[in-house]
Every structure is written in structure tokens, then in C-alpha cells.
Amino acid sequence: SALRQSDPYLASDDPRLQADGYFVSGMALGTRGQWNLLKGKWFDAYFDGKKAVKHLKKCLKLDAEYNDAYLGLGVFDYQAARLSGIAKLGVLLGVRGDETRGLERIKLAMDRGRYANRQAAQFLATIYLGDLRDYARALPVVESLRRDFPASPYFLFLDIVLRYRQGDWDRSLALSRELHRQVLADPKAFRRK
């Protein structure tokens, strides 16, 4: 649906609308590529990713300040560098990712993006927590997400875990008590969690 709806923007004479169209189509193709990765469809993932990168680069060519596009470019770079199936495919097709550049691009989207900055922050937090286990770099990202979503028990929980893992037991305990109060105030909201 996003790809179909981006077509009129891509055909527009207005460069701003074209940039929006390339951003939407690039991100949609990138998302579809990620789904293909999860299904083990390496070639489909590669071709969706390649086309997503092409669209996101066109977006930036039309509007150099369209920093949201760096989320998709960063994710592609990071995953192409880190994931074994993509790495094997990259060797075959001559495409290599760059983990450092990928992380820098995702952070740029988080810091300067208009539309995808929170998604970039969530993606970066997931990478720091799950892939890299870099709790010191994850904490400021989670703190920014907590500021953006102060009622989120999930981000509060991540904050608790990060502080615990870094040895800040007093703050971790205080935040745990805050989470406990939230659970007591609305137990039904936490049943699924």
C-alpha cells in the first residue's frame, strides 16, 4: 500500500513531494526486505534492500536535509555487515555493509530526523542492547525514549535493566519501585507483559 501510494509523489514535478515519495517507498522496501530476512529469503531481501537504498539516496539527492532517510541506509549498512546470510549474499553479489557507518547513520536519523527519529532511537537501542551489549551507549538512547514516552513501562523497564547492568543499583532499585507502583495502579495493563 505504501509503495502504491508513493507513486504519485514520485511522479510529481515538486522536488519536495518527490523526496517524500522516495523516502516512503525506500522505507517500505526496506521493511519488506527485513521481513524477507526473517523468512530466510536472502535474494528477495537483497533486491528489496538494494532498491530501498537507491530510493533513499534519491531522496537525499533531492533534499540533503532529509535526515530520516539515514535510518533506512543505516539499517541496510548495519545488517549487511552483521548478518551472516546477508554477508554471504553480499560476497556473491559484491555488496558489503559497513557496521560503523550504519550505526552513525541510524544515530543521525535519531538526532536530526523529522519523522523516523523515534524509530531510529528504538532500532539503535535494540542494537546496543541485543547485538553489541553496549549498555553505556544504550542508556542515553533509552533515556531519550523515556522523555518522548514518559508513560511507557517498556522503556522504564529497559532503563532499570541498563542501570542494573552498569552497577547503578540504587537508581535501578528506585526505578523498579516506580514500575512496581505503576503495576499496582493498573494491574490489567500489565497482564500481557
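Above this text sits the structure in question.
I will try to describe carefully the structure that is included in this document. It should be emphasised that the depicted structure is a prediction, and the values quoted were computed from it without experimental measurement.

Conventions adopted
Residues numbered from 1 in each chain as written. Predicted model: local features only at pLDDT ≥ 70, side-chain atom pairs only at ≥ 80, totals over all residues. Heavy atoms only, no water. Helix = DSSP H or I, 4+ residues; strand = E, 2+ residues; numbered from the N terminus. Buried < 20%, exposed > 50% of the residue type's maximum accessible area, 1.4 Å probe, protein only. Contact = heavy atoms within 4.5 Å. Lys, Arg positive; Asp, Glu negative; His and termini not counted. Charge placed at Lys NZ, Arg CZ, Asp CG, Glu CD. Phe/Tyr/Trp six-rings, centres within 6.5 Å; stacked < 30°, edge-to-face > 60°. Lys NZ or Arg CZ within 6 Å of the ring centre and 35° of its normal. Axes fitted to C-alpha atoms, helices over the stretch in contact; angles between N-to-C directions. Parallel < 35°, antiparallel > 145°, perpendicular 65-115°, else oblique. Left-handed = near helix turned anticlockwise from the far one by under 90°. Nonpolar A, V, L, I, M, F, W, Y, C, P; charged D, E, K, R; others polar. Salt bridge = Lys/Arg side-chain N within 4 Å of Asp/Glu carboxyl O.

### Section: the overall build of the protein chain
A count of helical and extended segments in the protein chain gives eleven helices and zero strands. Counting helices and strands in the order they occur from the N terminus, the protein chain gives α-α-α-α-α-α-α-α-α-α-α. Taking the principal axes of the C-alpha coordinates as reference, the protein chain spans close to 55 × 40 × 30 Å. Per-residue burial over the protein chain gives 40% buried out of 193 residues. Counting only contacts in the protein chain whose residues sit at least 6 apart along the sequence, the fraction spanning at least 24 positions is 52%. In the protein chain, the 33 positive side-chain charges and the 23 negative ones have mean positions that sit 5 Å from each other.

### Let's talk about the packing of aromatic side chains
Inspection of every chain in the model, using the stated rule, returns six aromatic pairs. By way of ring pairs, the aromatic residues Phe23, Tyr66 and Tyr115 are connected into one cluster. Over the ring of Tyr66 we find Arg114; its NZ or CZ atom is 4.6 Å from the centre of that ring. Positioned above the aromatic ring of Phe149 is the side chain of Arg118, whose terminal nitrogen or guanidinium carbon lies 5.0 Å from the ring centre.

### With respect to the packing of helix α4 (residues 69-82) against helix α7 (residues 117-131)
At their nearest, the axes of α4 and α7 sit 11 Å apart, and the two run at 20° to each other. When the axes of α4 and α7 are compared, the pair comes out roughly parallel. As α4 packs across α7, the resulting crossing turns out to be left-handed. Each of Leu71, Val75, Tyr78, Gln79 and Arg82 in α4 lies in contact with α7, whose residues at this interface are Gln119, Ala120, Phe123, Ile127 and Asp131. Among the residues forming the contact of α4 with α7, the class breakdown is six nonpolar, two polar and two charged.

### Topic: the environment of Leu108
Within the secondary structure, Leu108 is located in helix α6 (residues 99-112). We classify Leu108 as partly exposed; its relative accessible area is 21%. Once the C-alpha coordinates of Leu108 and Tyr70 are considered, the two residues, 38 residues apart in sequence, prove to be 6.8 Å apart. For Leu108, the residues in contact, after removing those within four places along its chain, are Asn67, Tyr70 and Gly113.

### Describing the packing of helix α3 (residues 42-62) against α4
At a closest axis distance of 9 Å, the pairing of α3 and α4 adopts a crossing angle of 145°. When the axes of α3 and α4 are compared, the crossing they make is left-handed. In this structure, α3 uses Gly49, Lys50, Val53, Leu56, Lys57, Cys59 and Leu60 to contact α4, whose residues at the interface are Ala69, Tyr70, Gly72, Leu73 and Phe76. Of the residues that constitute the contact of α3 with α4, the class distribution is eight nonpolar, two polar and two charged.

### Here we look at unusual backbone geometry
The residue Arg133 is not glycine, and still its phi comes out positive at about 50°. Looking at the secondary structure, you find Arg133 in the loop between α7 and α8 (135-148).

### With respect to the pattern of salt bridges
Across all of its chains, the model carries 13 salt bridges by this definition. The residue Arg163 makes a salt bridge to Glu143 at a minimum N-O spacing of 2.6 Å. With a gap of 20 residues between them, Arg163 in helix α9 (residues 153-165) and Glu143 in helix α8 connect regions that are remote in the sequence. Judged by relative accessible area, which is 27%, Glu143 ranks as partly exposed. Residues joined in a network through salt bridges with shared partners are Glu143, Arg146, Asp159, Arg163, Asp168 and Glu178.

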